[in-house]
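Spelled out, the chains give:
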Amino acid sequence: MGKIQLTLTFVAAVVARLRDLASRFSRRIKSSVTIAAFVAIAVLAGHTVSAQITPPSQPLASLKTVPIPGPDYTGYVKDKSKAIALGKALFWDMQVGSDGRTSCATCHFHAGADNRVKNQINPGILRVDASGNPNPDNTFRFGGPNYTLKATDFPFHKLADVNDRKSTVISDVNDVASSEGVFNTKFVSTTPGNPQDNVTQLNDPIFNVGGIKTRRVEPRNTPTTINAVFNFRNFWDGRAQNRESY
């Protein structure tokens, strides 16, 4: 009841002010203002009562008490706990990388994404022309291989007024802040028991410093793995339809 009284008191004050202002105008305007004010009182009071009567669907609590959502595993997974353990093992397994050192967690450890800052720039090799045809950009606009990103490097599209997207563009680059991966090689085969793939070393005209190869950087920013269980088409740049076909 206290909330209702407070609301009515506030509206009454507003009505008094409106009537004072309306006194300068015609009788018709005065009447309209009065009617509008009473309608406002009825609406606000009704909402207040409704808010008091309708309880929340569930009380607020720590997210630790909320079950983790997930798809229906029925018919696919016999033991969910073992499936979770297997997924975690694969996520941290460095043998899944061709060099025996790169795991899923390498790029998805920090809140499901990548917080590394060194050698994390791709010059824009996925660039296309106006017709949508591949037109890769192999030239770094700033930094380069093994460059360490700084906070002042962002955003890559800089405006004179950050609050006005139509303001003058100070600078714009198509370089991509992404994740370093492995060196440029060609897969040959695997050897049981050896975490590293058998590969042929290839020259790398893009990712090198003084002719010495660096790890290549992906042409896309690493997406978070949080809630990725709900995804089907993870590779939004088109290199694969889903995890199974990659």
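Residues numbered from 1 in each chain as written. Predicted model: local features only at pLDDT ≥ 70, side-chain atom pairs only at ≥ 80, totals over all residues. Heavy atoms only, no water.

K.L.:
Just checking my understanding: could you explain the overall build of the protein for this structure?
P.N.:
Within the protein, the secondary structure is distributed over four helices and eight strands. Of the regular secondary structure in the protein, the N- to C-terminal order runs α-α-α-α-β-β-β-β-β-β-β-β. Here the analysis covers contacts within the protein between residues at least 6 apart in sequence; of these, 51% occur between residues at least 24 apart. (Helix = DSSP H or I, 4+ residues; strand = E, 2+ residues; numbered from the N terminus. Contact = heavy atoms within 4.5 Å.)

K.L.:
Please clarify how the nonpolar core should be interpreted in this entry.
P.N.:
Nonpolar side chains in soluble globular proteins tend to end up buried together. Ile 121, Phe 140, Phe 142, Tyr 147, Leu 149, Phe 156, Ala 177, Ile 206, Phe 207 and Val 217 together form the largest nonpolar core, which totals ten residues. If near-sequence neighbours (up to four positions away) are discounted, Tyr 147 is found in contact with Val 117, Lys 118, Asn 119, Gln 120, Ile 121, Phe 142 and Asp 153. (Core = buried A, V, L, I, M, F, W, Y, C linked by side-chain atoms within 4.5 Å. Buried < 20%, exposed > 50% of the residue type's maximum accessible area, 1.4 Å probe, protein only.)

K.L.:
Would you mind going over the side chain of Arg 215 with me for this structure?
P.N.:
Within the secondary structure layout, Arg 215 lies in the segment after β8 (212-213). Among the polar contacts listed, one links the side chain of Arg 215 to the side chain of Asp 99, at a separation of 2.8 Å. If sequence neighbours within four positions are ignored, Arg 215 has contacts with Asp 99, Arg 101, Thr 102, Asn 119, Glu 180, Gly 181, Val 182, Phe 183 and Phe 207. (Polar contact = N/O pair within 3.5 Å; in protein donor to acceptor, adjacent residues only side chain to side chain.)

K.L.:
Sorry if this is basic, but what is going on with unusual backbone geometry here?
P.N.:
For the bond from Phe 154 to Pro 155, the omega torsion is -5°, close enough to zero to count as cis. With respect to the element layout, Pro 155 can be found in the loop between β1 (121-122) and β2 (157-159). The phi dihedral of Asn 119 falls on the positive side, at around 55°, and the residue is not glycine. For Asn 119, the position within the fold is in the loop between α4 (104-108) and β1.

K.L.:
Help me understand the side chain of Gln 120 in this model?
P.N.:
Counting through the fold element by element, Gln 120 comes out in the loop between α4 and β1. A distance of 2.8 Å separates a polar atom in the side chain of Gln 120 from the backbone nitrogen of Glu 180. Discounting residues that sit within four places of it in the chain, Gln 120 has contacts with Asp 114, Tyr 147, Leu 149, Val 176, Ala 177, Ser 178, Ser 179, Glu 180 and Val 217.

K.L.:
Help me understand the pattern of salt bridges in this model?
P.N.:
Where charged atoms of side chains with opposite charge meet at close range, the side chains can pair. Overall, the coordinates contain nine salt bridges when judged by the stated rule. In this structure, the salt-bridge partner of Asp 153 is Lys 150, at a minimum N-O distance of 3.7 Å. The buried category is assigned to Asp 153, whose relative accessible area is 12%. Accessibility expressed as a relative area gives 42% for Lys 150, which makes it partly exposed. Among the salt bridges present, the one from Arg 220 reaches Glu 218, with a minimum N-O distance of 2.4 Å. For Arg 220, a relative accessible area of 11% puts it in the buried group. For Glu 218, a relative accessible area of 31% corresponds to the partly exposed category. Salt bridges sharing partners connect three or more residues here, namely Asp 114, Arg 116 and Glu 180. (Salt bridge = Lys/Arg side-chain N within 4 Å of Asp/Glu carboxyl O.)

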